[in-house]
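Geometric and topological summary
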Amino acid sequence: MSEMMQKNPKLNMVTSVKKFLETSKSKALKDMLTLDIYASNVYTLGYEKDSWSNLDYTNKIITINDMKG
């Protein structure tokens, strides 16, 4: 993330869903994030085991380095 911020210092990143929803003044962005959270919750309902909701609040941000593994 810091590499992206160095390349584009004007880039705004959401690193805390809760904080963003509490502090953002943009209704459109809040609505989009709320819809994304809802979609994630619906998606996880399809898990055969360990179906958890609100993963957007409890899981860390996944980065490219996490994917390299």
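Residues numbered from 1 in each chain as written. Predicted model: local features only at pLDDT ≥ 70, side-chain atom pairs only at ≥ 80, totals over all residues. Heavy atoms only, no water.

1. A few points about the overall build of the chain
A count of helical and extended segments in the chain gives five helices and zero strands. Reading the chain from its N terminus to its C terminus gives the helix and strand order α-α-α-α-α. A burial count over the chain gives 10% of its 69 residues as buried. Across the chain, contacts joining residues at least 24 apart in sequence account for 18% of those joining residues at least 6 apart. Element-wise, carbon and sulfur atoms account for 58% of the exposed surface of the chain, whose accessible area totals about 6,300 Å². (Helix = DSSP H or I, 4+ residues; strand = E, 2+ residues; numbered from the N terminus. Buried < 20%, exposed > 50% of the residue type's maximum accessible area, 1.4 Å probe, protein only. Contact = heavy atoms within 4.5 Å. Areas by Shrake-Rupley, 256 points an atom, 1.4 Å probe, with all protein chains shown as cover.)

2. Side note on a nonpolar patch on the surface
Where nonpolar side chains cluster on the molecular surface, the patch consists of Leu35, Tyr38, Val42 and Leu45 and spans about 460 Å² of accessible area. One can find tyrosine 38 in helix α3 (residues 27-44). Tyrosine 38 sits in the exposed class, given a relative accessible area of 56%. (Patch = residues over 30% accessible without salt bridge, like charges linked within 9 Å, V, L, I, M, F, W, Y side chains within 5 Å. Salt bridge = Lys/Arg side-chain N within 4 Å of Asp/Glu carboxyl O.)

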